[in-house]
Amino acid sequence: MSVVSRSATNQNIFQKMGDLRFEQTISHQCGVTMNDSVEARAIAEFMGKKPNVTVTYQPALIRIDGEGKLIFKMDEISEILGKEMTAEIFEVNTSTHYGRMVRIDDNTVTLFGNMDEVFEYIE
């Protein structure tokens, strides 16, 4: 059973197979899945307050899904967590992700759902 946090969309991303509709469209969603931990819960609580973000709690996992892009600021997460969060620690806590993950700088990890937006970061 999934429990979804308070979020802008406030809906569960998981659906029954009979309720799925398959369309020939491009999704601009992106997201991360994290093992349930103190760090993951802090990140989920913080990100769940942002618009167009859905947080879904599973028994051992937490999913953070967004539309367009998700921006993870390490200094903001560190403040909520009460200890330092680095981009490296963030990536270790991320079990998997979808979308293009770009480390913008030492403080910012961004996931892009729209691949066209990534091109400005490619050298």
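Right, let's walk through the structure included here. (Residues numbered from 1 in each chain as written. Predicted model: local features only at pLDDT ≥ 70, side-chain atom pairs only at ≥ 80, totals over all residues. Heavy atoms only, no water.)

What follows is about the packing of helix α1 (residues 38-47) against helix α2 (residues 74-81). Axis angle and axis distance: for two packed helices, these are the angle between their axes and the distance between the axes, and together they describe the pair. Relative orientation of the contacting elements α1 and α2 amounts to 115°, with a least axis distance of 9 Å. When the interaxial angle is binned, α1 and α2 end up roughly perpendicular. Handedness of the crossing formed by α1 with α2: right-handed. Of the residues in α2, those in contact with Val38, Glu39, Ala42, Ile43 and Phe46 of α1 are Glu76, Ile77, Ile80 and Leu81. Partitioning the contact of α1 with α2 into residue classes produces seven nonpolar, no polar and two charged. (Axes fitted to C-alpha atoms, helices over the stretch in contact; angles between N-to-C directions. Helix = DSSP H or I, 4+ residues; strand = E, 2+ residues; numbered from the N terminus. Parallel < 35°, antiparallel > 145°, perpendicular 65-115°, else oblique. Left-handed = near helix turned anticlockwise from the far one by under 90°. Contact = heavy atoms within 4.5 Å. Nonpolar A, V, L, I, M, F, W, Y, C, P; charged D, E, K, R; others polar.)

All right, on to the pairing of strand β4 (residues 61-67) then. Looking along a regular strand, one sees side chains alternate from face to face of the sheet. Most of β4 is tucked away, with five of its seven residues classed as buried. In terms of strand pairing, strand β3 (residues 53-57) meets β4 through five bridges, oriented antiparallel. Residue pairing across strands places Tyr57 opposite Ile62, the latter belonging to β4. Between β3 and β4, which pair antiparallel in sequence order, lie three residues. (Buried < 20%, exposed > 50% of the residue type's maximum accessible area, 1.4 Å probe, protein only. Pairing = 2+ DSSP bridges.)

Attention now goes to the pattern of salt bridges. Two side chains that carry opposite charge are able to pair once their charged atoms sit near each other. A complete count under the given rule lists six salt bridges for this structure. The shortest N-O distance in the salt bridge between Arg63 and Asp65 comes to 2.7 Å. Accessibility expressed as a relative area gives 6% for Asp65, which makes it buried. Arg103 is paired through a salt bridge with Asp106; the nearest N and O atoms lie 3.1 Å apart. The class for Arg103 is partly exposed, based on a relative accessible area of 35%. A single network of salt bridges, built from pairs that share partners, joins Glu88, Arg103 and Asp106. (Salt bridge = Lys/Arg side-chain N within 4 Å of Asp/Glu carboxyl O.)

Once that is clear, we can look at the packing of aromatic side chains. Geometrically, a pair of aromatic rings is defined through the distance of the ring centres and the angle of the planes. Counted under the stated rule, the structure contains one aromatic pair. Note on Phe72 and Phe90: the rings are 4.7 Å apart at their centroids and 40° apart in plane angle, and the pair reads as tilted. Of this pair, Phe72 sits in strand β5 (residues 69-73) while Phe90 sits in helix α3 (residues 87-93); the two residues are 18 residues apart in sequence, bridging distant segments of the chain. No difference in accessibility class separates Phe72 from Phe90, as the two residues are buried. (Phe/Tyr/Trp six-rings, centres within 6.5 Å; stacked < 30°, edge-to-face > 60°.)

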